[in-house]
Amino acid sequence: MDRLPPVSMRLESTLSQDTDELPEDEPEEDTVLMSRESSQDEREYGFIPPRVYLTYITACGRFLSTFYVLVAIGYEVVHVYTNFWLKEWSDEVGRSPDYQYDDIMSHYFVVYVLLSVITVLVSLTSNIVGKQAGANSRERLHREMFDCIIRCPVQFFDSTPIGRILNRFASDMAVVDRVSLVSLLAFGCDSSSLPFLS
């Protein structure tokens with residue numbers, strides 16, 4: 001038994017003798033406009049406007065962002081001073097008399113160890129604060145993007161494939177998760193601490 005596929009037909013209006021059906025060869029103007037807009041969905045490359053970074057920093061939280069910048073500057077100061085102290089220590093080796101050598105070397109060694117510990121602690125604090133700020137921004141930006149998608153008109157979902165929407169949403173969140181955070185955290189951390197960020 002061969003079954004015929006079901007046929008959907010629109011009923012004529014009871015108030016008028018016309019149907020509200022459009023001819024098959026003339027799509028609705030709104031649908032044509034929406035599909036034309038969604039087919040031109042392209043990424044932009046090049047210069048990133050400062051307002052994008054400002055939006056990201058605001059999403060991180062103003063307190064955490066400010067604290068992160070201060071800790072990052074503190075890290076750089078301590079790191080440079082540690083290198084300066086190491087230079088002073090190596091210069092002192094040739095200048096110190098033999099009878100004071102042990103006292104001077106122990107002094108430089110203790111200060112260098114303290115500076116190294118402070119550098120590690122400040123770097124750790126910077127990474128933790130940066131991670132927390134990134135988590136705050138991911139949560140807030142994800143929620144705002146989701147709210148925008150949910151509030152789109154139905155015509156948007158009719159004219160844009162769901163796969164494209166999901167792909168763009170996921171790829172944009174991946175950029176927020178990885179690229180934005182690492183580029184901002186690189187401001188305060190040297191390249192040796194970046195592997196801990198991923």
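Residues numbered from 1 in each chain as written. Predicted model: local features only at pLDDT ≥ 70, side-chain atom pairs only at ≥ 80, totals over all residues. Heavy atoms only, no water.

**As for the overall build of the chain**
Thought 1: When you go through the chain residue by residue, the secondary structure sums to six helices and zero strands.
Thought 2: Element order for the chain, N to C, with α for helix and β for strand: α-α-α-α-α-α.
Thought 3: Expressed as a percentage of the 198 residues in the chain, the buried residues total 23%.
Thought 4: In the chain, once contacts between residues fewer than 6 apart in sequence are set aside, the share between residues at least 24 apart is 77%. (Helix = DSSP H or I, 4+ residues; strand = E, 2+ residues; numbered from the N terminus. Buried < 20%, exposed > 50% of the residue type's maximum accessible area, 1.4 Å probe, protein only. Contact = heavy atoms within 4.5 Å.)

**Looking at the side chain of Ser-65**
Thought 1: By secondary structure assignment, the location of Ser-65 is in helix α3 (residues 62-95).
Thought 2: A polar contact is formed between the side chain of Ser-65 and the backbone oxygen of Ile-57, at a distance of 3.1 Å. (Polar contact = N/O pair within 3.5 Å; in protein donor to acceptor, adjacent residues only side chain to side chain.)

**Here's the deal with the pattern of salt bridges**
Think of it this way: side chains of opposite charge can pair up when their charged atoms draw near.
Thought 1: Counting across every chain of the model gives four salt bridges.
Thought 2: Here Arg-143 makes a salt bridge to Glu-139, at a shortest N to O gap of 3.7 Å. One end of the pair, Arg-143, and the other, Glu-139, are both in helix α4 (residues 101-150), four residues apart, so they sit about a helical turn from each other.
Thought 3: Taking relative accessible area as the criterion, Arg-143 reaches 43% and is therefore assigned partly exposed.
Thought 4: Measuring nitrogen to oxygen at the nearest pair gives 3.1 Å for the salt bridge that ties Glu-144 to Arg-140. Taken as a pair, Glu-144 and Arg-140 lie in helix α4 at a separation of four residues, close to a single helical turn.
Thought 5: Look at Arg-140 and you get partly exposed, because its relative accessible area is 31%. (Salt bridge = Lys/Arg side-chain N within 4 Å of Asp/Glu carboxyl O.)

**Quick look at the packing of aromatic side chains**
Thought 1: With the rule as written, the count across this model stands at seven aromatic pairs.
Thought 2: Note on Phe-156 and Phe-157: the rings are 5.4 Å apart at their centroids and 75° apart in plane angle, and the pair reads as edge-to-face. (Phe/Tyr/Trp six-rings, centres within 6.5 Å; stacked < 30°, edge-to-face > 60°.)

**Let's talk about a nonpolar patch on the surface**
Thought 1: Where nonpolar side chains cluster on the molecular surface, the patch consists of Phe-109, Val-110, Val-113, Leu-114, Val-117, Leu-121, Leu-124 and Ile-128 and spans about 730 Å² of accessible area.
Thought 2: Tracing the chain through its elements places Leu-124 in helix α4.
Thought 3: Of the residues examined, Leu-124 reaches a relative accessible area of 47% and is grouped as partly exposed. (Patch = residues over 30% accessible without salt bridge, like charges linked within 9 Å, V, L, I, M, F, W, Y side chains within 5 Å. Areas by Shrake-Rupley, 256 points an atom, 1.4 Å probe, with all protein chains shown as cover.)

**Section: the nonpolar core**
Thought 1: Among the nonpolar cores identified, the biggest contains 10 residues, and these are Tyr-56, Ala-59, Cys-60, Leu-64, Tyr-68, Ala-72, Val-129, Ala-133, Leu-141 and Val-176.
Thought 2: Taken together, the elements giving at least two residues each to this core come down to α2 (50-60), α3 and α4. (Core = buried A, V, L, I, M, F, W, Y, C linked by side-chain atoms within 4.5 Å.)

**With respect to the packing of α3 against α4**
Thought 1: Here α3 crosses α4 at 160°, and the two axes come no closer than 8 Å. In terms of axis orientation, α3 runs roughly antiparallel to α4. Between α3 and α4 lies a crossing whose hand is left-handed.
Thought 2: Its residues assigned to classes, the contact of α3 with α4 shows 24 nonpolar, 12 polar and two charged. (Axes fitted to C-alpha atoms, helices over the stretch in contact; angles between N-to-C directions. Parallel < 35°, antiparallel > 145°, perpendicular 65-115°, else oblique. Left-handed = near helix turned anticlockwise from the far one by under 90°. Nonpolar A, V, L, I, M, F, W, Y, C, P; charged D, E, K, R; others polar.)

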